[in-house]
Amino acid sequence: MSSPMAPRGSLKTLCGWGRYPVQTCHVYCPRSESEMIQLLKRGLPLIARGNGRAYGDSALNREATLQMRHFNRLLGFNPQTGQLIAEAGVLLAEILEIFVPRGWFPLVTPGTKFVTVGGMIAADVHGKNHHKEGSFVRSLDWLDLLTSEGQIYRCSPSENRDLFYWTVGGMGLTGVILRAAFRLRPIETAWIRQTIRIAKNLDEVIDLFEAAQDVTYSVAWIDCLASGSRLGRSVVMLGEHATREELPTKYRQRPLRTPQRRKISIPLDFPNGALNALTVGTFNQLYFLNSQRKAGQSFVDWDTFFYPLDSLLGWNRIYGRRGFVQFQCVLPLSTAREGLSALLHCTSAAGAGSFLAVLKKLGDQQGYFSFPMAGYTLALDFPMSQRTLKVLDQLEEITLQYGGRFYLAKDSHLTPLRLRQSDCRVETFVKVRNAQQWTVNFASEQSKRLRL
Ligand SMILES: Cc1cc2nc3c(=O)[nH]c(=O)nc-3n(C[C@H](O)[C@H](O)[C@H](O)COP(=O)(O)OP(=O)(O)OC[C@H]3O[C@@H](n4cnc5c(N)ncnc54)[C@H](O)[C@@H]3O)c2cc1C
């Protein structure tokens, strides 16, 4: 029986950003810590949900999904250190709106700004600068976690250290993150000095990444339908925060202001099958030619550089009602060239065009269960279909063959066995979860599927 103080839930149809799988869940929207503690006391496993930008089923639990968006206050900022204290449900977009015009930017950001602070910590997100500046945990000073016993623990690298490092990258399975303190970096301008380079094939793109080791931001878009000598042909984007002096005169007057980007909404679901080898192939060809034209240096505003897709609101509808899946793996440096070539061969041979195919270099990693490791990470999107499921099976097998592992924030397809084959940390995580009784209180549809 729930206590009178426990918030009432309502049944809602929920999904992740990929709109696959879809689940009917009991959703609770607590407004206070005591309401959350009442929910915990019922002894049913629950999962915290931020803004639902993980692609698969990691922020869904049929029994109890805890919507955290009411925890949306900024609690403090120290301009000496750049430390921001924020509740877990604050959106990165809200932080950027306030802090960019004042000359501050996150140390680490994922490729969308529509994520919450809690979601960034739980997935320990990485950005285009991981090879140089690591994942979100590097900027994180502490977090407050509500655990199974209804206690709140302050966790940091020096206080409740194990709890801190299991929570970062722990996908909500250690407790509910309530608030956190993390550092922003000072910026002189809101502009990025971008250099676009074209790589004719996979070897060239890896050579470009290796040569750009000291560049702060690097990312490549890959034409994953290209084959033969053009396999892996890419557009590489390199970036640095521009100083005021570097800016063209027209931007120097107000260097922290950038023009508002026009937003376009996708008003309805595209028909299933609208994204196929033909349409993706045409898009890839046009994108590649256009990028060739733009190769070289230019100044782009922060929003365009870091969040190119965010101006297309609801872009996940392009994949149709059946939704889509994302595959993201990381391969160690030693096998990356061969392994990436095998993954791209498999994708292009299946004609399974992904129009969002992204390659990044990752560096060394702190954290007990975070996804990154030194190597290359490839992310591919596929419209959901029976054929896609077969392609995913093949891509996962190739990843295992080359010693890689998978990003849980993107996953909706892995099996318990493949996850364990890819990552020897899984068994320890499960043991700790059992020993700490976290399994009793915290579970997602993903953790049930993967037996975490
Ligand atoms: C377009 C796009 C681009 C992306 N690019 C990147 C990228 O470049 N790098 C990258 O690393 N990721 C990337 N992602 C993935 C995204 O950053 C992560 O999935 C992130 O966790 C989503 O945050 P959210 O607030 O939407 O969390 P949700 O999707 O709601 O939840 C994700 C996980 O966080 C947990 N969680 C959320 N809030 C809390 C809380 N308060 N306490 C405990 N656990 C919590 C959930 O239980 C779940 O396990 C991208 C996603 C999209 C849609």
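Residues numbered from 1 in each chain as written. Predicted model: local features only at pLDDT ≥ 70, side-chain atom pairs only at ≥ 80, totals over all residues. Heavy atoms only, no water.

Trainee: Sorry if this is basic, but what is going on with the overall build of the protein chain here?
Mentor: Counting its secondary structure elements, the protein chain contains 15 helices and 20 strands. Against the globule reference of 22 Å for 452 residues, the protein chain gives a C-alpha radius of gyration of 21 Å, in line with a compact fold. Each principal axis of the C-alpha atoms in the protein chain carries an extent, and together these give about 65 × 55 × 45 Å. For the protein chain, with 452 residues in total, the buried portion stands at 58%. (Helix = DSSP H or I, 4+ residues; strand = E, 2+ residues; numbered from the N terminus. Rg over C-alpha atoms; globule rule 2.2 N^0.38 Å. Buried < 20%, exposed > 50% of the residue type's maximum accessible area, 1.4 Å probe, protein only.)

Trainee: Could you clarify how one ought to interpret empty space enclosed by the protein in this entry?
Mentor: In this approach the atoms are scanned with a rolling probe the size of a water molecule, which exposes any empty space left behind. Enumeration over the complete set of coordinates arrives at 2 cavities of 30 Å³ or more. By volume, the largest cavity amounts to about 120 Å³. Lining the largest cavity we find 14 residues, and of these Phe369, Ser370, Phe371, Phe406 and Leu408 sit closest to its centre. Taken together, the residues that form the lining of the largest cavity break down as 9 nonpolar, 2 polar and 3 charged. There is about 90 Å³ of room inside the second largest cavity. In this structure, the second largest cavity is lined by 13 residues; those nearest its centre are Gln326, Phe327, Gln328, Glu396 and Asp411. Those elements that place two or more of their residues in the lining of the second largest cavity are strand E17 (324-332) and helix H11 (386-401). For the lining of the second largest cavity, the element with the highest residue contribution is E17, accounting for 4 residues. In terms of residue class, the lining of the second largest cavity is built from 6 nonpolar, 4 polar and 3 charged. (1 Å grid on protein atoms, 1.4 Å probe; cavity = no way out; pocket = protein on both sides within 12 Å on 5 of 7 lines; lining within 4 Å. Points joined across faces, edges and corners; volume = space filled by probe spheres on them. Nonpolar A, V, L, I, M, F, W, Y, C, P; charged D, E, K, R; others polar.)

Trainee: Before we go on, may I ask you to explain the sheet that holds strand E2 (residues 22-28) in this structure?
Mentor: The pairing of strands in a sheet happens through backbone hydrogen bonds and is either parallel or antiparallel. Read from one edge of the open sheet, 4 strands run E1-E2-E4-E3, paired in mixed fashion. In the strand order of this sheet, the two ends are held by strand E1 (10-15) and strand E3 (47-49), each with one partner. On average, adjacent strands in this sheet sit at an angle of 45° to one another, irrespective of strand direction. Where E1 and E2 come together, 6 bridges link them in antiparallel fashion. Within E2, the position partnered with Cys15 by the bridge is Val22. (Pairing = 2+ DSSP bridges. Axes fitted to C-alpha atoms, helices over the stretch in contact; angles between N-to-C directions.)

Trainee: Before we go on, may I ask you to explain unusual backbone geometry in this structure?
Mentor: Trans is the common state for peptide bonds, and a negative phi is the common state for residues other than glycine. In this chain, Tyr20 is followed by Pro21 through a cis amide linkage whose omega measures -5°. The backbone of Met171 shows a phi angle near 55°, a positive value even though the residue is not glycine. Looking at the secondary structure, you find Met171 in the loop between helix H5 (161-167) and strand E10 (176-186).

Trainee: Help me understand the site of the ligand in this model?
Mentor: Around the ligand, 35 residues are found, and the nearest of them are Ala48, Gly50, Arg53, Thr116 and Tyr407. Here an oxygen atom of the ligand and a backbone polar atom of Gly52 are 2.9 Å apart. Backbone polar atom of His126 to a nitrogen atom of the ligand: 2.7 Å apart, as the coordinates give it. If you list the elements that add at least two residues to the shell around the ligand, you get E3, helix H3 (117-122) and E10. Among the residues forming the shell around the ligand, the class breakdown is 19 nonpolar, 12 polar and 4 charged. Inspection of the shell around the ligand shows a minimum of three residues originating in each of domain 1 (74-187) and domain 2 (191-421). (Near = heavy atom within 4 Å. Polar contact = N/O pair within 3.5 Å; in protein donor to acceptor, adjacent residues only side chain to side chain. Domains from an automatic or database assignment.)

Trainee: So what exactly am I meant to see when it comes to the UniProt feature "domain: FAD-binding PCMH-type" (unreviewed entry) in the protein chain here?
Mentor: Using the residue numbers shown here, the UniProt feature "domain: FAD-binding PCMH-type" (unreviewed entry) corresponds to residues 20-187. Between the end C-alpha atoms of residues 20-187 there is a gap of 38 Å, over a span that is 20% helix and 29% strand. (UniProt positions renumbered as here; feature names shortened; annotations may be inferred.)

Trainee: When you look at the pairing of strand E12 (residues 217-222) in this model, what are you seeing that I'm missing?
Mentor: Looking down a regular strand, the side chains alternate between one sheet face and the other. Burial analysis of E12 places 6 of its 6 residues in the buried class, the great majority of the element. Alternating positions in E12 separate into two faces, Tyr217, Val219 and Trp221 on one and Ser218, Ala220 and Ile222 on the other, with burial throughout. Judged from the 2 bridges that link them, E12 and strand E18 (residues 358-362) form a sheet pairing that is antiparallel. Within the sheet, the bridge partner assigned to Ala220 lies in E18 and is Leu359.

Trainee: What's the story with H11 in this structure? I'm lost.
Mentor: Note on helix geometry: an α-helix contains 3.6 residues per turn, so any two residues three or four positions apart are oriented the same way. For H11, spanning 16 residues, the distance from its first C-alpha to its last is 23 Å, which sits close to the expected 22 Å at 1.5 Å a residue. Within H11, burial applies to Thr388, Leu389, Val391, Leu392, Leu395, Glu396, Ile398, Thr399 and Leu400. Buried positions along H11 lie against E17, helix H10 (336-349), strand E19 (375-383), strand E20 (405-406) and helix H12 (416-422). Taken from the residues just after H11, Gly403 is the one with a positive phi, measuring 70°. (Expected span 1.5 Å × (residues − 1). Contact = heavy atoms within 4.5 Å.)

Trainee: What exactly am I supposed to notice about the domain arrangement of the protein chain here?
Mentor: For interface size, the figure often reported is the accessible area lost on association. Domain annotation for the protein chain reports domain 1 (74-187) and domain 2 (191-421). Relative placement of domain 1 and domain 2: their C-alpha centres are 24 Å apart. For the pair domain 1 and domain 2, the number of links is 2 salt bridges. In this structure, Asp303 engages Lys113 in a salt bridge whose closest nitrogen and oxygen atoms are separated by 3.0 Å. In this assembly, domain 1 and domain 2 are joined by 18 residue pairs in polar contact (both at pLDDT 80 or more). Among the residues making up the side of domain 1 that touches domain 2, the classes are represented as 15 nonpolar, 12 polar and 10 charged. (Salt bridge = Lys/Arg side-chain N within 4 Å of Asp/Glu carboxyl O.)

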